[in-house]
Structure formats: structure tokens, C-alpha cells
Amino acid sequence: QVQLVESGGGLVQAGGSLRLSCVASGRSFGSSGRAWFRQAPGKEREFVGAINWSGSTTSYADSMKGRFTISRNNAQNMVYLQMTNLKPEDTAVYYCAASHSYFGGSSLSGYAYWGQGTQVTVSS
């Protein structure tokens, strides 16, 4: 059974940093694109950042560029999201995702596997 489990969320003050982690089990995702999405209360799930299977290519939503960094460790089946200069509008549940393809892109439909999410709350 494939599982993606996020960790690292919590409460942080504006301007602070958090590092989210996501571990996969049940199969190897070494050849799969990985990504982070987020969903704030009352809003649709939105793209945060994606990374290709090797880590050589990344993409980010415009509002995250320069503040968030996605990385991965294929040996450990992990993907990370380093978040800096956090803002109250970054408050959301953050989800990691895994694709069947080498790079899943920014669309929800590019990903077949999802974690249950970790809450990030940024206070002003």
C-alpha cells in the first residue's frame, strides 16, 4: 500500500521558517515527479512547487518563488519543502504528491498519490 506522510508543520510567526518533509512508502518514487500543494480554508487546493525525478528541475508558483525551495532525497524516498519569510497568507494545509511521470507539473491531475497533509499556521 502506497503512503505519503507529511511532517514538519506547525505554528510560526510571520517572517519565520519551516521545513516540511514527506516520506513515501509502499513503492519507490525515485523515477517520479514530486510536488507540494496547499489548501487554505474555503479555498481550492493550489500548486506550491514541483521537482522532477532527478531533482534537476524545479518549478514554483509565482508567490512562492524566492521564498520556498523544494528538494528530494531519492535514496530515502523523501521530498522536502523549505519555507522562508513566511506570511500569514501562507497559512494552509500542505500536501505532498507523487506522479506517475518524471515531472508532474503544476496541475492536480499530474499526481496520482497524495498525503493527508500537515497544517502550517503563520501568525502576524
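Summary of the structure given here. Computed from a predicted structure; not experimentally measured.

**Things to note about the state of the cysteines**
Following the criterion strictly, the structure yields one disulfide and no others. Each sulfur of the disulfide joining Cys22 and Cys96 lies 1.9 Å from the other. Of this pair, Cys22 sits in strand 3 (residues 18-25) while Cys96 sits in strand 9 (residues 92-98); the two residues are 74 residues apart in sequence, bridging distant segments of the chain. In this pair, the class of Cys22 matches that of Cys96, namely buried.

**Digging into the pattern of salt bridges**
Where charged atoms from two side chains of opposite charge come close, those side chains can pair. Per the counting criterion, the structure on display carries four salt bridges. Salt-bridge contacts for Glu46 lead to Arg38; the nearest nitrogen and oxygen are separated by 2.6 Å. Accessibility expressed as a relative area gives 6% for Arg38, which makes it buried. For the salt bridge of Arg67 with Asp90, the shortest nitrogen-to-oxygen distance reads 2.7 Å. Separated by 23 residues along the polypeptide, Arg67 in the loop between strand 6 (58-60) and strand 7 (68-73) and Asp90 in the loop between strand 8 (78-83) and strand 9 bring together distant segments of the chain. Of the two residues examined, Arg67 and Asp90, each falls in the buried class.

**A closer look at the packing of aromatic side chains**
Counting across every chain of the model gives six aromatic pairs. The interplanar angle of 50 degrees and the centroid separation of 6.0 Å between the aromatic rings of Trp53 and Tyr102 together place this pair among those described as tilted. One end of the pair, Trp53, is in the loop between strand 5 (46-51) and strand 6; the other, Tyr102, is in the loop between strand 9 and strand 10 (113-114), and 49 residues separate them in sequence. Trp53 gets classed as partly exposed once you look at its relative accessible area, which sits at 38%. Given a relative accessible area of 55%, Tyr102 falls into the exposed group. Within the aromatic cluster, the residues linked to one another by ring pairs are Phe37, Phe47, Tyr111 and Trp114.

**Section: the environment of Asp90**
Residue classification places Asp90 among the buried positions, given a relative accessible area of 1%. The spacing of Asp90 and Thr121 is 31 residues in sequence and 7.4 Å in space, taken between C-alpha atoms. Residues in contact with Asp90, not counting those within four places in the same chain, are Arg38, Arg67, Phe68, Asn85, Val120 and Val122. In terms of polar contacts, Asp90 uses its side chain to reach the side chain of Arg67, at 2.7 Å.

**Some remarks on unusual backbone geometry**
One non-glycine residue, Asn77, adopts positive backbone phi at about 55 degrees. Of note, Asn77 is situated in the loop between strand 7 and strand 8.

Conventions adopted
Residues numbered from 1 in each chain as written. Predicted model: local features only at pLDDT ≥ 70, side-chain atom pairs only at ≥ 80, totals over all residues. Heavy atoms only, no water. Disulfide = S-S within 2.5 Å. Helix = DSSP H or I, 4+ residues; strand = E, 2+ residues; numbered from the N terminus. Buried < 20%, exposed > 50% of the residue type's maximum accessible area, 1.4 Å probe, protein only. Salt bridge = Lys/Arg side-chain N within 4 Å of Asp/Glu carboxyl O. Phe/Tyr/Trp six-rings, centres within 6.5 Å; stacked < 30°, edge-to-face > 60°. Contact = heavy atoms within 4.5 Å. Polar contact = N/O pair within 3.5 Å; in protein donor to acceptor, adjacent residues only side chain to side chain.

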